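Descriptive analysis of the structure
For reference, the chains in residue letters:
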Amino acid sequence: MKTLNLRDTALIASIALAGACGGSATTERSTTPPPSSSSGGGQGLIVQPGAPGQAGRSFSTDELAAVEGVSYVQADVDFMQGMIPHHAQALEMTALVRQHASTGAVRTMALRMEISQRDEIGLIEGWLREHGEAIEMPGMGMSGMHVMPGMLTPEQMTELANARGVEFDRRFLEGMIQHHYGAIDMVFNLFNTSGAAQESTIFKFAEDIDADQLMEIERMRGVLATLR
């Protein structure tokens, strides 16, 4: 048996409501529900514990499959496409650390970011291809990269590239904090868009960005305080 969390329950409720209303919004895109992994032709049960003093509820694996195959919307695609140039600029910044940083803490932090953000670009591109979506957001060439929230302007990138030693470390940390807050803003906007972030990969990815980058901001603030 599997225990449902609040999000699963909310999704089942929304699916049921959509069915009762005769269909979903036209902007939604369907995904193919994965085959049930349970034995017995979908006879397994998933139990949602009840509140104290109240009985729990059971759901069939077919209902769970419906949850896992929930639709995504254009805002999800925009979020994933927008994160590619956002992460790509972070990789440009971490590449400069290898050349110009003067403190071990900054180098270690940048290496961790480089590994995680490169892996996430792979995850994003894989998700977009799997769902038949373009990798690049329409109309967003290199000249449009600075429009994503938190991204450094070309002038800020030039100042970072020209800095050396402690001045470079300070500019890198300040710029990356700005960059991380932009990513968090993108997650906030996604979660506040009707119908978005319901698909499981999107939800988990956005949730991880929010948690990881808030934690990294605190670490960067700590290192930054030692440079002043």
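For the structure, see preceding data.
Another point: the packing of aromatic side chains. Applying the stated criterion across every chain yields a total of four aromatic pairs. Ring geometry for Phe79 and Phe205: centres 6.0 Å apart, planes at 65 degrees, overall edge-to-face. One end of the pair, Phe79, is in helix H3 (residues 74–100); the other, Phe205, is in helix H7 (residues 200–227), and 126 residues separate them in sequence. Exposure remark for Phe205: the relative accessible area of 4% places this residue in the buried category. On the numbers, 6.3 Å between centres and 15 degrees between planes, the contact of Phe168 with Phe172 is stacked. Separated by four residues within a single helix, Phe168 and Phe172 lie in helix H6 (residues 165–191), roughly one turn from each other. Assigned by exposure class, Phe168 and Phe172 land together as buried.

Right, let's get into the environment of Glu207. With respect to the secondary-structure elements, Glu207 resides in helix H7. In this structure, the C-alpha to C-alpha distance between Glu207 and Phe191, residues 16 residues apart in sequence, is 9.4 Å.

With that out of the way, let us pick up the environment of Gly150. Relative to the assigned elements, Gly150 resides in the loop between helix H4 (104–130) and helix H5 (154–162). Here Gly150 falls in the partly exposed class, since its relative accessible area comes to 21%. For the pair formed by Gly150 and Gln178, sequence separation is 28 residues and the distance between their alpha carbons is 5.3 Å. For Gly150, the contacting residues outside a window of four places in its chain are Gln178, His179 and Gly182.

The next subject is the packing of H3 against H5. Two elements in contact, H3 and H5, have axes whose closest approach is 10 Å; the angle formed by their N-to-C orientations is 20 degrees. Here H5 runs roughly parallel to H3, going by the angle between their axes. Note that H3 runs across H5; the crossing there is left-handed. Contacts between H3 and H5 involve Gln89, Glu92, Met93, Leu96 and His100 on the former and, on the latter, Met157, Leu160 and Ala161. Looking at the contact of H3 with H5 residue by residue, the class counts come to five nonpolar, two polar and one charged.

The next point concerns the pattern of salt bridges. In total, this model carries eight salt bridges according to the counting rule given. The salt bridge partner of Glu167 is Arg170, with a shortest N-O separation of 2.6 Å. In this pair, Glu167 and Arg170 are both assigned in helix H6, three residues apart and thus about one turn of the helix distant. Residue Glu167 is classed as partly exposed on the basis of its relative accessible area, which comes to 32%. Where salt bridges share partners, they join Glu159, Glu167, Arg170, Arg171 and Glu174 into one cluster.

This brings us to the nonpolar core. Counting 23 residues, the largest nonpolar core has Phe168, Phe172, Leu173 and Met220 as the members making the most contacts within it. Put simply, the parts of the chain that give this core at least two residues each are H3, H4, H5, H6 and H7. Of the residues forming this core, the biggest block, six residues, is contributed by H6. What Phe168 contacts, discounting residues up to four positions off in sequence, is Leu96, Val97, His100, Ala101, Leu160 and Ala163. Grouped together as the second largest cluster of nonpolar side chains are 22 residues, Val77, Trp127, Ala183 and Met186 included.

Cut-offs applied
Residues numbered from 1 in each chain as written. Predicted model: local features only at pLDDT ≥ 70, side-chain atom pairs only at ≥ 80, totals over all residues. Heavy atoms only, no water. Phe/Tyr/Trp six-rings, centres within 6.5 Å; stacked < 30°, edge-to-face > 60°. Helix = DSSP H or I, 4+ residues; strand = E, 2+ residues; numbered from the N terminus. Buried < 20%, exposed > 50% of the residue type's maximum accessible area, 1.4 Å probe, protein only. Contact = heavy atoms within 4.5 Å. Axes fitted to C-alpha atoms, helices over the stretch in contact; angles between N-to-C directions. Parallel < 35°, antiparallel > 145°, perpendicular 65-115°, else oblique. Left-handed = near helix turned anticlockwise from the far one by under 90°. Nonpolar A, V, L, I, M, F, W, Y, C, P; charged D, E, K, R; others polar. Salt bridge = Lys/Arg side-chain N within 4 Å of Asp/Glu carboxyl O. Core = buried A, V, L, I, M, F, W, Y, C linked by side-chain atoms within 4.5 Å.

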